[in-house]
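Observations on the three-dimensional arrangement
Residue strings, one per chain:
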Amino acid sequence: MSGDDKHTHYFASTIGWNLCCKQATYLLLKKEEVKELSFKEEWALKFHLSFCKFCKLFRKQSAILNQMIGKTVLTSKAQLLQRDKDKLKLLINSNLNGN
Amino acid sequence: MAIPAPTSTHKLEPEKWVDNYADYLFTYAISRISDEDEARDLVQDTFLSALKGKDNFKGEANEKTWLVSILKRKIIDLYRKNAVRKEQSFEESDSYKVAYDHYFRDDDGSRPGHWAGKNNPQPWSEQKTNLEQGEFRRILVACLSKLPKAWTSVFSMKFMDDESSESICKELGISTSNYWVIIHRAKLQMRECLEKNWFKA
């Protein structure tokens, strides 16, 4: 059906013991959330990460990103322009008075 | 849209909503949809829905929690609309969606699926991983806005709202395996964008 379904099929059907980087990064992201992969996936990933420095780096950076994105959103502040706030106030007031 | 209807104690003071919550709601919205105009409209819609539903407010939750729950509902509705209107957006054809072969070798060439070279992860500058809030946030939002909309929804529900994959799939009506492919591709693209614009050593 869609393009992503094609990839879905790719990951479902071709994961063996010998992973390529595309599969390894897919699995390690999945592992961040589900914690436990299948036995085969778990060992294939471990093996791949034992020699692939780019995937190892990807794993480390992915963890840093998760942490930084979480923190940023919690603490960041955006501000509406005063002009927009004034408009909102008018809108609310007219609504309150109308009722 | 169902508006939560709680019971007693907390009171609503609509005259103070703008001063007390407008910035908070705007921040909440913009970090999830990364579009200023849409975020501004959502804040307005939230206040309007809240006014309409204020007789149903029974004071069980506090005012702020109640307003956020209304906004959250609206954001999910928008996510859904984006996913439905652009069924395309979950597909290849999205013009600014970065293809897998941007990162990995062709499936039918030599060493298929391994990092292609040009866009491999590079070491990051240590000091950039210590937060400097304002600036990082600006770049994060810019990178998010380059993702296809449907991916942004999935990405922010997961990383900002900390929602489980099951509830995201249910809310947006996508399959679990499709969800993982979206997370994979969105993460590849976000990592690259943030590396180029922020983390570069």
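Counting restarts for each chain: residues are numbered from 1 in the order of the written sequence. For this description, chains carry letters from A and ligands carry numbers from 1, given in the order in which they are written. Residues qualify for local features only when their pLDDT is at least 70, as the model is predicted, and side-chain atom pairs are given and counted only at 80 or more; totals for whole chains, interfaces and linings, by contrast, use all residues.

1. A closer look at the overall build of chain B
Each helix and strand in chain B was counted, giving seven helices and zero strands. Only DSSP runs of H or I with at least four residues qualify as helices, and only runs of E with at least two residues qualify as strands; both kinds are numbered from the N terminus onward. In sequence order, chain B lays out its α and β elements as α-α-α-α-α-α-α. For chain B, contacts bridging at least 24 residues in sequence account for 70% of all contacts bridging at least 6. Whether two residues are in contact is decided by their C-beta atoms, placed from the backbone, lying within 7 Å.

2. Let's talk about the overall build of chain A
Along the backbone of chain A there are five helices and zero strands. Ordering the α and β elements of chain A from the N terminus gives α-α-α-α-α. Burial statistics for chain A: of 99 residues in total, 29% are counted as buried. Intrachain contacts of chain A at a sequence separation of at least 6 include 56% that bridge at least 24 residues. With C-beta atoms placed from the backbone, a residue is buried if 20 or more other C-beta atoms are within 10 Å of its own, exposed if 12 or fewer are, and partly exposed between those counts.

3. Considering the environment of Ser125(B)
Structurally, Ser125(B) can be placed in the loop between helix 3 (63-85) and helix 4 (133-144). Measuring from C-alpha to C-alpha, the distance between Ser125(B) and Gly53(B) comes to 50 Å, with 72 residues separating the pair along the chain.

4. A short note on the interface of chain B and chain A
Listed as interface residues are 45 residues of chain B and, on the opposing side, 45 residues of chain A. Breaking the side of chain B that touches chain A down by element, the ones donating at least two residues are helix 1 (17-33), helix 2 (36-53), helix 4 and helix 7 (176-199) of chain B. It is helix 7 of chain B that contributes the most residues to the side of chain B that touches chain A, 11 residues altogether. Following the grouping adopted for this structure description, the nonpolar residues are Ala, Val, Leu, Ile, Met, Phe, Trp, Tyr, Cys and Pro, the charged ones are Asp, Glu, Lys and Arg, and the polar ones are all others, Gly among them. Its residues placed into classes, the side of chain B that touches chain A shows 26 nonpolar, 12 polar and seven charged.

5. Brief notes about helix 2 (residues 21-34) of chain A
All names here are of chain A. Helix length check: helix 2, at 14 residues, gives a terminal C-alpha distance of 20 Å against a target of 20 Å (1.5 Å per residue), a fit within 8%. Within helix 2, burial applies to Cys 21, Lys 22, Gln 23, Ala 24, Thr 25, Tyr 26, Leu 27, Leu 28 and Leu 29. One or two steps after helix 2, the chain reaches Lys 35, where phi turns positive at roughly 65°. In this scheme, a helix's expected span is set at 1.5 Å multiplied by one less than its residue total.

6. With respect to unusual backbone geometry
Residues and elements named next belong to chain B. In this model, Arg 111 sits at a positive phi of 40°, which is unusual for a non-glycine residue. Take Arg 111: it is sitting in the loop between helix 3 and helix 4. The exposure class of Arg 111 is exposed, given the 12 C-beta atoms found within 10 Å.

7. Regarding the packing of helix 5 (residues 82-98) of chain A against helix 1 of chain B
Relative to each other, helix 5 of chain A and helix 1 of chain B sit at 130°, their axes nearing to 10 Å. The angle between helix 5 of chain A and helix 1 of chain B places the two elements in the oblique class. The element helix 5 of chain A and its partner helix 1 of chain B pack so that their crossing is right-handed. Residues Lys85(A), Leu88(A), Lys89(A) and Ile92(A) of helix 5 of chain A touch helix 1 of chain B, and the partners they reach there are Trp17(B), Val18(B) and Ala22(B). Broken down by class, the residue content of the contact of helix 5 of chain A with helix 1 of chain B amounts to five nonpolar, no polar and two charged. Axes here mean lines fitted to C-alpha atoms, for a helix over just the part in contact, with angles spanning 0 to 180 degrees between N-to-C directions. Any angle that falls under 35 degrees is termed roughly parallel, while one over 145 is termed roughly antiparallel, one within 65 to 115 roughly perpendicular, and all others oblique. Left-handed describes a crossing in which the near helix is turned anticlockwise from the far one by less than a right angle; the clockwise case is right-handed.

8. Looking at the domain arrangement of chain B
All names here are of chain B. Domains assigned within chain B are domain 1 (14-85) and domain 2 (88-199). The domain boundaries here were taken from an automatic or database domain assignment. Measuring from the centre of the C-alpha atoms in domain 1 to the corresponding centre in domain 2 gives 26 Å. The interface of domain 1 with domain 2 comprises 10 residues on the first partner and 14 residues on the second. Sorting the residues of the side of domain 1 that touches domain 2 by element identifies helix 1 and helix 3 as the ones contributing at least two each. With five residues, helix 3 is the largest single contributor of residues to the side of domain 1 that touches domain 2. Split by residue class, the side of domain 1 that touches domain 2 holds four nonpolar, three polar and three charged.

9. Regarding the nonpolar core
Residue and element names in this part refer to chain B. Leu 25, Ala 29 and Val 154 are the most contacted members of the largest nonpolar core, which has 69 residues in total. Shared between two domains, this core takes at least three residues from each, and those domains are domain 1 (14-85) and domain 2 (88-199). When near neighbours in sequence (up to four residues on either side) are disregarded, Ala 29 contacts Ala 39, Leu 42, Val 43, Leu 71 and Ile 75. The term nonpolar core refers to a set of buried Ala, Val, Leu, Ile, Met, Phe, Trp, Tyr and Cys residues connected through C-beta atoms within 7 Å.

10. Brief notes about the environment of Lys54(B)
All names here are of chain B. Its location among the elements puts Lys 54 in the loop between helix 2 and helix 3. The class of Lys 54 is partly exposed, set by 15 C-beta atoms lying within 10 Å. With 41 residues separating them in the primary sequence, Lys 54 and Glu 13 have C-alpha atoms 10.0 Å apart.

11. Things to note about the packing of helix 5 (residues 149-159) of chain B against helix 7 of chain B
Packed helices, taken two at a time, are described by the angle their axes make and the gap between the axes. Residues and elements named next belong to chain B. At their nearest, the axes of helix 5 and helix 7 sit 10 Å apart, and the two run at 90° to each other. It follows that helix 5 is roughly perpendicular to helix 7 by the angle criterion. On the side of helix 5, the interface is formed by Trp 151, Val 154, Phe 155 and Lys 158, while helix 7 contributes Tyr 179, Ile 182, Ile 183 and Ala 186.

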